[in-house]
Amino acid sequence: LVGNNVVYFYNTATNRVRALDAFSGTPIWSIHQEDVRALSIASNFLLVMTATELDLYNTSNTIYLAQLADGQGAATLITVNNLSTAAADVTVSFMDEEGDPLSLDVLGEASAGSSVTRTIPAGGSVGIQTLGTSEALAVGWATATADMPISGSAIFQYGVEGSVLFEAGVLDSKPTGWGNVLASRFETAAGSEFSTGIAIANPLDETANVTITYQRVAPAIVVVEEELEIESMHHEDLFIQSLFPEAVVGSEGTLIITSDIPVVITALRTQDGFQMSSYPIGQPVR
């Protein structure tokens, strides 16, 4: 079934309805449903007919922040923008690397919690600031779900005694089965090391089989790859040198991330392990 520039099909072996970008073939979503007899599209709804019922699916107003850090000097500011002309109720949820709720102290909240709810006025924005008070470094990811269309970003901060020393922001990540990003590792004259780090989270209810390919162009051409299994709702964050021994100091190239189901990806340029700036993830244009 083709509609709205998306190809929908039912995989009887896995009992899943898949959605692919009609132009690139890239996976963009997957839904578990048994005994599907027919698919149809009405306006923005996907109709899934089984032997006993008719289910309707519509695009949800959920955005994904593929990286979150708090504690030991690190904190995260999540921003959410209301894109509609009516007020929006939004819930931001924090998850650890296994997808379990992650309880964090948040500015303006009386106690720590794994989710925060705000009302955003029409055309307005809101910030959710973690306080960096976790005893150990807490790493994970976050989602924001609203009753109106939204966009957002995550701003990663590192500071000492209330002063922010490093800060880098990334936009919310779109689920995709393919993405690429510039990757490099080099040392400055002052002895600091710059390196690329990536984070991948799996928002679906099945395991993602992810392949990461490093196409190194300097100091010599090398193509190597690593395969990862990321379980449902799990999260991985990796530096290029931990993935590939070939990412020696002085190397540069491209990381290509492919997955059999959509995942959310973000990338950061770091200095001595501290975030300095974000990298845009290349994705097929829809």
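Shown above is the structure to which this text applies.
Here is what the cut-offs are and how they apply
- Residues numbered from 1 in each chain as written.
- Predicted model: local features only at pLDDT ≥ 70, side-chain atom pairs only at ≥ 80, totals over all residues.
- Heavy atoms only, no water.
- Helix = DSSP H or I, 4+ residues; strand = E, 2+ residues; numbered from the N terminus.
- Rg over C-alpha atoms; globule rule 2.2 N^0.38 Å.
- Buried < 20%, exposed > 50% of the residue type's maximum accessible area, 1.4 Å probe, protein only.
- Contact = heavy atoms within 4.5 Å.
- Lys, Arg positive; Asp, Glu negative; His and termini not counted.
- Charge placed at Lys NZ, Arg CZ, Asp CG, Glu CD.
- Pairing = 2+ DSSP bridges.
- Axes fitted to C-alpha atoms, helices over the stretch in contact; angles between N-to-C directions.
- Phe/Tyr/Trp six-rings, centres within 6.5 Å; stacked < 30°, edge-to-face > 60°.

Before going further, it helps to spend a moment on the overall build of the protein. Summing up its helical and strand segments, the protein has one helix and 22 strands in all. Relative to its length of 286 residues, the protein is compact, with a C-alpha radius of gyration of 20 Å against a globular reference of 19 Å. Reported as C-alpha extents along the three principal axes, the dimensions of the protein are approximately 65 × 50 × 30 Å. Residue burial in the protein is summarised as follows: out of 286 residues, 49% are buried. Sequence-distant contacts in the protein: of pairs separated by 6 or more residues, those separated by 24 or more amount to 69%. Side chains of the protein carry 9 positive and 33 negative charges; the gap between the two charge centres is 8 Å.

To continue, consider unusual backbone geometry. With an omega of 5°, the peptide bond between A218 and P219 qualifies as cis. Mapped onto the secondary structure, P219 falls in the loop between β18 (208-218) and β19 (222-230). Of note, N5 is a non-glycine position whose phi angle comes to about 65°, a positive value. By the secondary structure assignment, N5 is in the loop between β1 (2-3) and β2 (6-11). For N15, which is not a glycine, the phi torsion comes out positive at approximately 55°.

Strand order in the open sheet made by the four strands is β12-β9-β14-β15, with antiparallel pairing throughout. Two strands close off the open sheet at either side, each with one partner strand: β12 (125-129) and β15 (163-171). Mean inter-strand twist for the sheet, computed between neighbouring axes without regard to direction, equals 20°. Here five bridges tie strand β9 (residues 74-82) to β12, and the two strands are oriented antiparallel to one another.

Turning our attention to the sheet that holds strand β7 (residues 54-57). Paired through their backbone hydrogen bonds, the strands of a sheet run either parallel or antiparallel. What the three strands build is an open sheet, ordered β5-β6-β7; its pairing is antiparallel. Of all the strands in the sheet, the pair left with one neighbour each is β5 (36-42) and β7. Put simply, the sheet's adjacent strands are angled 20° from each other on average, direction ignored. Relative to β7, strand β6 (residues 45-50) runs antiparallel, the two sharing four bridges. By the bridge assignment, V48 is partnered in β7 with D55.

This part covers the packing of aromatic side chains. In this structure the tally under the stated criterion is six aromatic pairs. On the numbers, 6.5 Å between centres and 35° between planes, the contact of W29 with Y64 is tilted. With W29 in strand β4 (residues 27-32) and Y64 in strand β8 (residues 62-70), this pair connects stretches of sequence that are 35 residues apart. Looking at W29, the relative accessible area reads 30%, which means it is partly exposed. Ring geometry for F166 against F274: centres 5.0 Å apart, planes inclined by 5°, an arrangement best described as stacked.

So far we have only geometry, and geometry alone does not tell us how the molecule works.
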